[in-house]
Amino acid sequence: MGTGFCTGLGKTWDKGLNDAVSRSFIGKYFKLQARKSCFTKELRAATATFLTMAYILTVNATIIADSGATCSPADCTPPGEPGCGLKPNAGYDTCVANVRKELVVATALSAMIGSFAMGVLANLPLAAAPAMGPNAYMAYNLVGFHGSGPMSYGTALAVICIEGLAFIVLSASGLRAKLARIIPPSVRLACAAGVGMFIAFVGLQAHQGVGLVGPDPSTLVAAAACLHTDPATGACVGGKMQSPTFWLGMVGLAITCYGLMKEVKGSMIYGILFVTLISWIRGTKVTYFPYTNDGDARFHYFKQVVGFHKIESIVGAISFAHFNQSAVWIALFTLLYVDVLATTGILYTMAEIGGFVDEKGSFEGEYLAYLVDAGTTVVASTLGGSPVATYVESSAGLREGGRTGLTAVIVAVYFMLSLFFTPLLASVPPWAIGASLVMVGVMMMKVVKEIDWGNVKEAVPAFATMLLMPLTYSIANGIIGGVGIYIVLSFYDYVVWVVRKVSKMRREKNQVSAASAAGDQDVEIN
């Protein structure tokens, strides 16, 4: 009796604790003994998972805050000036900084709710949080940088809410798998790589990342990392490749890469943490708190260290007032498609790693896992956040032995604790986050090896999908372009199929006519 599979984990008190939890209601509910796990294993797995995905708290908030969220020209100094958010403006920048703090809380709440529901309802050791990809699509394609896109922040939240409800219907009705198969396999694979390139491109820019890439009037983009830039256009005006914050960000990238090479858990966090700690030192060229009005305001909030920031401006900001625009329906389809593919792929991959998949290709808790992802997306939209999905970083916990939903519940507890450290999390500089975005892009590129590059019909649509996403700054354009090219290249096959089908029908009709004529002749002879 007892948890014999955990007896080699350490001290006597570990065994006593594991036995007590396994025999308790919690142990029985999460089937610890049935899945050959124990409390300390689940705790270690949850810690590994949280460390590898905690970067999303600051990264997601930074990305969505770039849209300006609920900030408007009325928040500018002076108020009401059109386009004031597209150039340095003290009032608008203060509003964005406040929204970023709220988004840190919204991200933590979404991750907490999603992970808790995944553990309790589906009993799977998988954590959920706002997904990378859909958040960038929402910020840069739908709302646009500081509200320069085709729809308002409220309308984008409404699209996310409807997408979540549609995903619930698709999951409940069994249409999810059929919808995922509509898109050609090569384009499906290329979508993940294209989104990765898009995210990496964001991480290389100045406002969102390390600042390596900047605008150029002749070549559109060019190497930047400049000491001095034009405040209106962002173009380099001096000191190219001499930005101290860029080189500090590169050190952070190197730390992350070394950690991942050695399979050190939490490597993404260590890179961000190193750059952030250096940037918190005032009086240096890389400080996030310069001796300016803006820097002083940031430092004053940072010194609070512990504090819960209320969500006021973004919660309940959903607006269905402009659903008659074509851009809304394109966005709805794109988000739904990306969500279906990402959720399906990640869930099955994690289930395979955890050994949950049976001979029929399904796994326990599959149905509820999809509903949790979709339901949490609806909740996140009401909080002012982006779509939620199962995180591939859950594989870190699986490698540590996590086998039950208790892992996900403990991850939810970690996210709950992070709610009380908003002043610290909101003070992470963009050059610390940019390196992690680049690494996310690197990890999303591995799917390209599964594309049949020797087949032109598969290779060209895949390449177009990957190329269009970062170059047109639109995930939707990449999907539409890839599918469109695939249809064009398949046109010949469709024509051949139709011709053969018509020819076959005509032959069958001629055979029937001939047989009928032969029968008539036999009747006349008789």
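Here's what I pulled together on the structure shown here. (Residues numbered from 1 in each chain as written. Predicted model: local features only at pLDDT ≥ 70, side-chain atom pairs only at ≥ 80, totals over all residues. Heavy atoms only, no water.)

## Points about the overall build of the protein
Next, step 1: Within the protein, the regular secondary structure consists of 21 helices and 6 strands.
Next, step 2: When each of the 526 residues of the protein is scored for burial, the buried share is 51%.
Next, step 3: Long-range contacts, defined as pairs at least 24 residues apart, comprise 74% of the intrachain contacts of the protein with a sequence gap of at least 6. (Helix = DSSP H or I, 4+ residues; strand = E, 2+ residues; numbered from the N terminus. Buried < 20%, exposed > 50% of the residue type's maximum accessible area, 1.4 Å probe, protein only. Contact = heavy atoms within 4.5 Å.)

## Points about the state of the cysteines
Next, step 1: Across all of its chains, the model carries 1 disulfide by this definition.
Next, step 2: Note that C71 is cross-linked by a disulfide to C95, the S-S spacing being 2.0 Å. Note on the C71 and C95 pair: the S-S dihedral is about -100 degrees, so by sign convention the disulfide is left-handed. Placement of the pair is C71 in the loop between α4 (56-65) and α5 (90-122) and C95 in helix α5, with a sequence separation of 24 residues. There is no split in this pair, since C71 and C95 are both buried. (Disulfide = S-S within 2.5 Å.)

## Regarding the nonpolar core
Next, step 1: Core analysis: the largest hydrophobic core is formed by 99 residues, its most contacted members being Y153 and F415.
Next, step 2: It is α5 that contributes the most residues to this core, 12 residues altogether.
Next, step 3: Once residues within four sequence positions are removed from consideration, Y153 is found in contact with I64, S67, A69, T70, L103, M138, V143, I314, G384 and G385.
Next, step 4: In terms of nonpolar packing, the next biggest core, distinct from the first, is built from 19 residues, A117, L170, F356 and F363 among them. (Core = buried A, V, L, I, M, F, W, Y, C linked by side-chain atoms within 4.5 Å.)

## Things to note about the packing of helix α10 (residues 244-261) against helix α11 (residues 267-279)
Next, step 1: Close contact between α10 and α11 brings their axes to 7 Å; oriented N to C, the two are set at 155 degrees. On the basis of their axis angle, the class for α10 and α11 is roughly antiparallel. In the packing of α10 onto α11, the handedness of the crossing is right-handed. Note on element contacts: α11 touches α10 through S267, M268, Y270, G271, F274, V275, I278 and S279, opposite L248, G249, V251, G252, I255, T256, G259 and L260.
Next, step 2: Residue composition of the contact of α10 with α11, by class: 9 nonpolar, 7 polar and no charged. (Axes fitted to C-alpha atoms, helices over the stretch in contact; angles between N-to-C directions. Parallel < 35°, antiparallel > 145°, perpendicular 65-115°, else oblique. Left-handed = near helix turned anticlockwise from the far one by under 90°. Nonpolar A, V, L, I, M, F, W, Y, C, P; charged D, E, K, R; others polar.)

## Observations concerning helix α6 (residues 134-143)
Next, step 1: Within α6, 10 of the 10 residues are buried, which leaves it mostly tucked inside the rest of the structure.
Next, step 2: Residues of α6 that are buried include every one of P134, N135, A136, Y137, M138, A139, Y140, N141, L142 and V143, and no others.
Next, step 3: At the exit of α6 stands G144, carrying a positive phi of roughly 85 degrees.

## Considering α4
The periodicity of an α-helix, 3.6 residues per turn, causes residues three or four positions apart to be oriented the same way.
Next, step 1: Across the 10 residues that make up α4, a large majority, 10, are buried.
Next, step 2: Listed in full, the buried residues belonging to α4 are I56, L57, T58, V59, N60, A61, T62, I63, I64 and A65.

## Brief notes about the packing of aromatic side chains
Two numbers describe a pair of aromatic rings. These are the distance of the centres and the angle of the planes.
Next, step 1: All chains considered together, the criterion is met by 14 aromatic pairs.
Next, step 2: Pairing F50 with Y414 gives two aromatic rings, centres 5.2 Å apart and planes at 35 degrees, and the pair type is tilted. Remark: Y414 occurs in helix α16 (residues 405-418) and F50 occurs in helix α3 (residues 39-53); sequence separation between them is 364 residues.
Next, step 3: You can call F50 buried: its relative accessible area is 15%.
Next, step 4: The exposure class assigned to Y414 is partly exposed, which follows from its relative accessible area of 23%.
Next, step 5: Taken together, a centroid distance of 4.8 Å and an interplanar angle of 70 degrees make the contact between F246 and W247 edge-to-face.
Next, step 6: Owing to a relative accessible area of 45%, W247 belongs among the partly exposed residues under this scheme.
Next, step 7: By the ring-pair criterion, three or more aromatic residues cluster together here, those being W280, Y288, F289, F299, F302 and W431. (Phe/Tyr/Trp six-rings, centres within 6.5 Å; stacked < 30°, edge-to-face > 60°.)

## Things to note about the side chain of H309
Next, step 1: With respect to the secondary-structure elements, H309 resides in the loop between α12 (293-302) and α13 (326-354).
Next, step 2: Judged by relative accessible area, H309 falls into the buried class, the value being 14%.
Next, step 3: Within the structure, H309 has its side chain in polar contact with the side chain of Y301 (distance 3.4 Å). (Polar contact = N/O pair within 3.5 Å; in protein donor to acceptor, adjacent residues only side chain to side chain.)

## Here we look at the pattern of salt bridges
Next, step 1: Summed over all chains, the structure comprises 4 salt bridges.
Next, step 2: In this structure, the salt-bridge partner of R282 is D296, at a minimum N-O distance of 2.7 Å. Pair noted here: R282 is in the loop between α11 and α12 and D296 is in helix α12, with a separation of 14 residues, a long-range link.
Next, step 3: Residue classification places R282 among the partly exposed positions, given a relative accessible area of 21%.
Next, step 4: Overall, D296 belongs to the partly exposed group, its relative accessible area being 36%. (Salt bridge = Lys/Arg side-chain N within 4 Å of Asp/Glu carboxyl O.)

## As for the environment of A351
Next, step 1: For A351, the location among the structural elements is in helix α13.
Next, step 2: Taking relative accessible area as the criterion, A351 reaches 2% and is therefore assigned buried.
Next, step 3: For A351 and F363, which are 12 residues apart along the polypeptide, the C-alpha to C-alpha distance reads 7.1 Å.
Next, step 4: Each residue touching A351, except ones within four places of it in the same chain, is listed here: F356, V357 and F363.

## Considerations on the environment of L273
Next, step 1: Mapping L273 onto the fold places it in helix α11.
Next, step 2: Considered as a pair, L273 and Y55 are 218 residues apart in the sequence and their alpha carbons are 9.6 Å apart.

## Focus on the pairing of strand β2 (residues 213-216)
Next, step 1: Direction of pairing for β2 relative to strand β3 (residues 220-223): antiparallel, over a ladder of 4 bridges. Bridged to D216 within β3 is L220.
Next, step 2: The turn joining β2 and β3, which pair antiparallel and follow one another in sequence, is formed by 3 residues. (Pairing = 2+ DSSP bridges.)

## Things to note about unusual backbone geometry
Next, step 1: Here the amide bond leading from T77 into P78 is cis, since omega sits at -5 degrees, within 30 degrees of zero.
Next, step 2: Note that P78 resides in the loop between α4 and α5.
Next, step 3: A positive phi angle, near 70 degrees, is found at L220, a position not held by glycine.
Next, step 4: Position of L220 relative to the elements: it lies in strand β3.
Next, step 5: Of note in this structure, M241 is not a glycine but carries a positive phi near 60 degrees.
Next, step 6: With respect to the secondary-structure elements, M241 resides in the loop between β5 (236-238) and α10.
Next, step 7: Accessibility expressed as a relative area gives 29% for M241, which makes it partly exposed.

## A closer look at the side chain of R100
Next, step 1: Locating R100 in the fold gives a position in helix α5.
Next, step 2: The buried charged residue R100 lacks any salt bridge, with D66 as its nearest oppositely charged partner at 7.6 Å.
Next, step 3: Aside from chain neighbours lying at most four places away, what touches R100 is T58, A61, T62, A65, Y288, L425, A426, S427, V428 and I433. (Lys, Arg positive; Asp, Glu negative; His and termini not counted.)

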